[in-house]
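Below, each chain spelled out in residue letters.
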Amino acid sequence: MALWSGRFSEGVDEFTQRFGASLPVDKRMYAQDIAGSRAHAAMLAAQSIISEEDAKAIDEGLASILASIEAGEFTFDINDEDIHMAIESELTRRIGSAGARLHTGRSRNDQVATDTRLYMKQRAQDLMRANLALREVLLDQAEANFGVILPGYTHMQHAQPVLFSHHLLAYNWMLARDYVRLQAACDAADACPLGAAALAGTTYPLDRFATASQLGFDRVIPNSLDAVSDRDFLLDLVYACSVSSIHLSRLCEEIVLWSTVEFSFITLSDSFSTGSSIMPQKKNPDFAELIRGKTGRVVGDLMALLMTLKSLPLAYNKDLQEDKEGAMDAVDTLEACYQCAAGMISTWTVNRDSMAAQATGGFLAATDVADYLAKKGMPFRQAHEIVGSLVKLCVERGCDLPDLTLADFQEKTPLFEADIQQALNIEAITAARTTYGGTGHEAVKVQLEEARTQWGSQHDLLKHS
Ligand code: ARG
């Protein structure tokens, strides 16, 4: 029997019941639903709206339902449309009339908003934890492989040599910004809608501040219409998930490239690779590809939620029931991607020699040769032109800049002297980029230090939250 049976003489058929139900999705919020109800009941008693005995019976009943669910002994029935109805009807079955008083001054509209906010606060923190774990792996790899040089690319063409640690740290900073976005989404969720009731507040003397504080909310939402219909906090969270997925897709694209025979910059461990059912030689970077592919689904979840919210009039509309499935999917997906990426990166082998071999070819020193001339007084534009003609000469001869003789250099300008060979040294070229944020060894050490400090303070704060 539906909770609204008083007004109705006929129920919906089985198909329609399933179509309208959100229980398969929102049953994950059982702990939050029970916590919300316990806080509400305690407040109702404190405000003398229900008796202390009823509040006690409700509290014990809810605790026993929580225990049953956690023991896997609770049968969810689709005839209960959602987790709120499932728990409330079971409560009344267990404790009788006191259970029927729980919903005094409350609606499923403020209830679902409360549950979702509590649930997503926790999930945002789970993501922040997984984000830190992945970043720790990146920082450890940056440290363990310090000094390894690879070509830096622009337009996917060899550009200038960079430290592998510098390259990995670039991803750390992207993910660190994602962490801040997740934290902001967690804060957006940290406002309590309970007590807004269906849409307009109630005639009971509810203490909204008491329930909010008992539930650990930072603040109370000041407008009842907004309280039941605001889903911005979900948009913020799914947007944060989307940006982070995009970042992971960039990293994974590089991992796929780096593990090709052509690059061979890294070798993925067998435990993070798959074979082919037909080609015996294959070792595929499936997990990097999958993380890259899952970006589509997370961004899809964001688009779906944006469209669900578009044009919704105030206050609650059933459309809002569509908010949770995609948001939960985005969070679950990103959490799994963080975990998979951390495993993949912590077990890969970095092929230092393949990276170095590529870094010594491809004219990566060209900018530095131009700088060599400019530092001797030649205008940079003219130096650029001369080095361009030296590269052209190399291309014609099928060689690289270090293969040219001093005479070849001096034919272009007498400013070239015997020390030009040193200017071609990839190690020295890399180390010389000492500007803050540059790829020089000393600058990268500073950067690594900063990244570790930031990681440490975020880790400590999260541990105490
Ligand atoms: N299952 C609903 C949801 O997820 C709960 C709120 C239902 N409220 C209502 N008046 N139908 O949005």
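Read on for an overview of the structure. From a predicted model like this one, the values you see are computed outputs, not experimental measurements.

**Structural notes on the overall build of the chain**
Then comes step 1: Counting its secondary structure elements, the chain contains 20 helices and 6 strands.
Then comes step 2: In terms of overall dimensions, the chain is more spread out than a globule: its C-alpha atoms have a radius of gyration of 30 Å, far above the 23 Å expected for 465 residues.
Then comes step 3: With the C-alpha coordinates aligned to their principal axes, the bounding extent of the chain is approximately 100 × 50 × 40 Å.
Then comes step 4: The buried share among the 465 residues of the chain stands at 51%.

**Examining the pairing of strand β1 (residues 149-154)**
Then comes step 1: Looking at chain direction, β1 and strand β2 (residues 157-163) are connected through 6 bridges and run antiparallel. When the sheet's bridge partners are listed, T154 is paired in β2 with Q157.
Then comes step 2: Remark: 2 residues form the turn of the hairpin made by β1 and β2, two consecutive strands paired antiparallel; H155 in that turn has positive phi of roughly 55 degrees.

**Brief notes about the environment of R108**
Then comes step 1: With respect to the helices and strands, R108 occurs in helix α7 (residues 108-144).
Then comes step 2: Through-space distance from the C-alpha of R108 to that of V256 is 47 Å; in sequence the pair is 148 residues apart.
Then comes step 3: Residues in contact with R108, not counting those within four places in the same chain, are W4, E81, D82, H84, M85 and H103.

**Focus: the packing of helix α12 (residues 286-309) against helix α13 (residues 323-346)**
Then comes step 1: Contact pair α12 / α13: the axes reach a minimum separation of 9 Å and the direction vectors enclose 160 degrees. Overall, the two elements α12 and α13 adopt an arrangement that is roughly antiparallel. Like other packed secondary-structure pairs, α12 and α13 cross with a definite hand, here left-handed. When α12 is examined against α13, the residues F287, A288, I291, K294, R297, V298, D301 and L305 are found in contact with a partner set consisting of D323, G326, D329, A330, T333, C337, C340, A341 and M344.

**Remarks on the packing of aromatic side chains**
Then comes step 1: Taken as a whole, this structure holds 10 aromatic pairs when the rule is applied.
Then comes step 2: Relative to F76, the ring of F74 lies with its centre 4.9 Å away and its plane at 55 degrees, an arrangement referred to as tilted.
Then comes step 3: Under the relative-accessibility criterion, F74 is labelled buried at 13%.
Then comes step 4: For F76, a relative accessible area of 27% translates into the label partly exposed.
Then comes step 5: Cluster of aromatic residues (ring-pair linked, three or more members): Y153, F263 and F265.
Then comes step 6: Here the basic side chain of K121 rests over the ring of F217, its NZ or CZ set 4.9 Å away from the ring centre.

**Here's the deal with the nonpolar core**
When a protein is soluble and globular, its nonpolar side chains tend to lie buried together.
Then comes step 1: Of all hydrophobic cores here, the largest spans 100 residues; its most connected members are F164, I255, Y338, W348 and F416.
Then comes step 2: Sorting elements by how many residues they give to this core places helix α11 (residues 232-258) first, with 13 residues.
Then comes step 3: Once you skip the residues sitting within four places of it in the chain, F416 turns out to touch V369, Y372, L373, I386, L390, F409 and Q410.
Then comes step 4: Judged by nonpolar contacts, the second largest core, of 20 residues, contains A41, M43, I65 and L102.

**Focus: the site of the ligand**
Then comes step 1: Neighbouring the ligand are S22, D82, H84, R108, N109, V112, Y316, Q321 and K324.
Then comes step 2: Within the side chain of Y316, an N or O atom sits 2.5 Å from an oxygen atom of the ligand.
Then comes step 3: In the model, an oxygen atom of the ligand is placed 2.7 Å from a nitrogen or oxygen of the K324 side chain.
Then comes step 4: Summarising the interface, the protein chains cover 86% of the accessible area of the ligand, which totals 340 Å² for the free molecule.

**Digging into helix α20 (residues 441-463)**
Then comes step 1: The terminal C-alpha atoms of α20 lie 33 Å apart, and with 23 residues this matches the ideal 33 Å at 1.5 Å per residue to within 8%.
Then comes step 2: Residues of α20 that are buried: H441, A443, V444, Q447, L448, A451, W455, Q458 and L462.
Then comes step 3: Contacts from the buried residues of α20 go to α7, β2, α8 (164-189) and α19 (426-431).

**Concerning unusual backbone geometry**
Then comes step 1: A cis geometry characterises the amide bond from L314 onward to A315, with omega recorded as 0 degrees.
Then comes step 2: Note on placement: A315 falls in the loop between α12 and α13.
Then comes step 3: With a phi angle near 55 degrees, A197 is a residue other than glycine that sits in the positive phi range.
Then comes step 4: Structurally, the position occupied by A197 is in the loop between β3 (191-192) and α9 (208-214).
Then comes step 5: The phi angle at S264 is positive, at roughly 50 degrees, despite the residue not being glycine.
Then comes step 6: Examined against the element boundaries, S264 turns out to sit in the loop between α11 and β5 (266-267).

**Section: the state of the cysteines**
Then comes step 1: Under the definition given, this model contains 0 disulfides.
Then comes step 2: The cysteine C394 is free of any disulfide, with C399 supplying the nearest cysteine sulfur at 4.0 Å.
Then comes step 3: On the basis of relative accessible area, C394 is assigned to the buried category, the value being 0%.

Rules of the game
- Residues numbered from 1 in each chain as written.
- Predicted model: local features only at pLDDT ≥ 70, side-chain atom pairs only at ≥ 80, totals over all residues.
- Heavy atoms only, no water.
- Helix = DSSP H or I, 4+ residues; strand = E, 2+ residues; numbered from the N terminus.
- Rg over C-alpha atoms; globule rule 2.2 N^0.38 Å.
- Buried < 20%, exposed > 50% of the residue type's maximum accessible area, 1.4 Å probe, protein only.
- Pairing = 2+ DSSP bridges.
- Contact = heavy atoms within 4.5 Å.
- Axes fitted to C-alpha atoms, helices over the stretch in contact; angles between N-to-C directions.
- Parallel < 35°, antiparallel > 145°, perpendicular 65-115°, else oblique.
- Left-handed = near helix turned anticlockwise from the far one by under 90°.
- Phe/Tyr/Trp six-rings, centres within 6.5 Å; stacked < 30°, edge-to-face > 60°.
- Lys NZ or Arg CZ within 6 Å of the ring centre and 35° of its normal.
- Core = buried A, V, L, I, M, F, W, Y, C linked by side-chain atoms within 4.5 Å.
- Near = heavy atom within 4 Å.
- Polar contact = N/O pair within 3.5 Å; in protein donor to acceptor, adjacent residues only side chain to side chain.
- Areas by Shrake-Rupley, 256 points an atom, 1.4 Å probe, with all protein chains shown as cover.
- Expected span 1.5 Å × (residues − 1).
- Disulfide = S-S within 2.5 Å.

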